[in-house]
Amino acid sequence: MNIIGFILSRNNGTLIEKAIKKCPQCINQIFISDDKSTDNTHKVAKKNGVEIFTNEKVNGYGGNVKNAIKVAFENFDADYAVEIHGDGAQFHPDATYDALKIINDGLTKPDLILGSRFLNFRENMKMGYPIERMVPNFFISRIERILLNIKIDYGSTITRSYWCCSSTAKDE
């Protein structure tokens with residue numbers, strides 16, 4: 001199984017090395033998806049031997065994720081792609097091992113696995129998730145859960161947390 005990690009960056013040069021070093025052993029290869037950084041991101045990537053792909057224009061978070069997924073599947077022939085935040089990793093990339101348990105359990109082959117910042121609340125606080133963001137997100141997610149009548153811990157997980165896509169997404 002080819003698991004490719006991508007680190008999203010937009011002027012995160014001072015934090016990228018930390019994200020690189022936190023990548024778990026189960027990830028076969030990593031690259032940086034850079035959203036037109038103007039800082040030392042490229043120097044840090046080169047120093048750490050990590051390939052960097054720079055967007056042609058500033059795309060914002062969503063566009064950078066979209067480009068990174070494309071690179072992971074087309075350039076690295078990924079079976080799964082894992083997003084790793086380049087801004088100090090407010091979640092721990094070791095969550096990838098939890099995702100692998102789901103993938104390898106033989107019951108399903110998921111196309112998407114989402115994480116939650118609320119499952120390990122204290123740990124995420126230690127890793128730098130600011131309290132001024134955590135508390136409102138916690139209450140907003142609770143309201144979403146009640147209004148939508150769905151069992152989801154963190155409503156913003158799709159745009160902000162760990163996830164991976166399977167190779168079945170390559171053809172779509």
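Thresholds, definitions, all that
- Residues numbered from 1 in each chain as written.
- Predicted model: local features only at pLDDT ≥ 70, side-chain atom pairs only at ≥ 80, totals over all residues.
- Heavy atoms only, no water.
- Buried < 20%, exposed > 50% of the residue type's maximum accessible area, 1.4 Å probe, protein only.
- Helix = DSSP H or I, 4+ residues; strand = E, 2+ residues; numbered from the N terminus.
- Pairing = 2+ DSSP bridges.
- Core = buried A, V, L, I, M, F, W, Y, C linked by side-chain atoms within 4.5 Å.
- Contact = heavy atoms within 4.5 Å.
- Expected span 1.5 Å × (residues − 1).
- Arc of directions from axis to C-beta.
- Phe/Tyr/Trp six-rings, centres within 6.5 Å; stacked < 30°, edge-to-face > 60°.

> Any chance you could explain the pairing of strand E4 (residues 80-85) here in plain terms?
Where a strand is regular, its side chains alternate between the two sheet faces. Of all six residues making up E4, six are buried, and the element is well covered by its neighbours. By the alternation rule, side chains of E4 split into Tyr80, Val82 and Ile84 and Ala81, Glu83 and His85, which are all buried. Across six bridges, the pairing between strand E1 (residues 3-9) and E4 is parallel. Within the sheet, the bridge partner assigned to leucine 8 lies in E4 and is histidine 85.

> Teacher, can you tell me more about the nonpolar core here?
Proteins that are soluble and globular tend to have nonpolar side chains buried together. Counting residues in each nonpolar core, the largest one holds 20 residues, and the members touching the most others are Ile7, Ile20, Ile27, Ile30, Ile32 and Ile84. Of all elements in the fold, only E1, helix H1 (13-21), strand E2 (29-34), helix H2 (41-47), E4 and helix H4 (95-104) reach the threshold of two or more residues within this core. Other than its neighbours up to four places away in sequence, isoleucine 32 contacts Ile7, Ser9, Ile16, Ile20, Thr41, Ala45, Val50, Glu51, Ile52 and Phe53. Membership of the second largest hydrophobic core comes to 14 residues, among which are Ile4, Ala68, Ala72 and Phe73.

> Mind showing me how you'd approach helix H6 (residues 131-148) here?
Each α-helix turn comprises 3.6 residues. Residues three or four places apart therefore point the same way. Given a rise of 1.5 Å per residue, 18 residues ought to cover 26 Å, and the 25 Å separating the end C-alpha atoms of H6 matches this to within 8%. When H6 is considered as a whole, its buried residues turn out to be Met134, Asn137 and Ser141. Each buried residue of H6 sits inside an arc of 70 degrees when the element is viewed along its axis, so together they form one side. Away from its buried face by more than 90 degrees, H6 exposes Glu132, Phe139, Ile146 and Leu147. Directly beyond the C-terminal end of H6, a positive phi value near 55 degrees is found at asparagine 149.

> Mind showing me how you'd approach the environment of leucine 112 here?
Take leucine 112: it is sitting in strand E5 (residues 112-114). Overall, leucine 112 belongs to the partly exposed group, its relative accessible area being 45%. The sequence separation of leucine 112 and alanine 99 amounts to 13 residues, and the corresponding C-alpha distance is 9.6 Å.

> Any chance you could explain unusual backbone geometry here in plain terms?
Working note: non-glycine residues mostly have negative phi, and peptide bonds are mostly trans. Positive phi values are uncommon outside glycine, yet asparagine 11 reaches one of about 60 degrees. Inspection of the secondary structure assignment puts asparagine 11 in the loop between E1 and H1. A positive phi angle, close to 50 degrees, is found at aspartate 77, a residue other than glycine. Along the chain, the position of aspartate 77 falls in the loop between helix H3 (60-75) and E4.

> Just checking my understanding: could you explain the packing of aromatic side chains for this structure?
The geometry of an aromatic ring pair is captured by two quantities: the separation of the ring centres and the angle between the planes. Summed over the entire model, instances satisfying the criterion amount to four aromatic pairs. Plain terms: the ring middles of phenylalanine 53 and phenylalanine 76 are 6.0 Å apart, the flat faces sit at 75 degrees to each other, and that makes the pair edge-to-face. One end of the pair, phenylalanine 53, is in strand E3 (residues 51-54); the other, phenylalanine 76, is in the loop between H3 and E4, with 23 residues separating them in the sequence.

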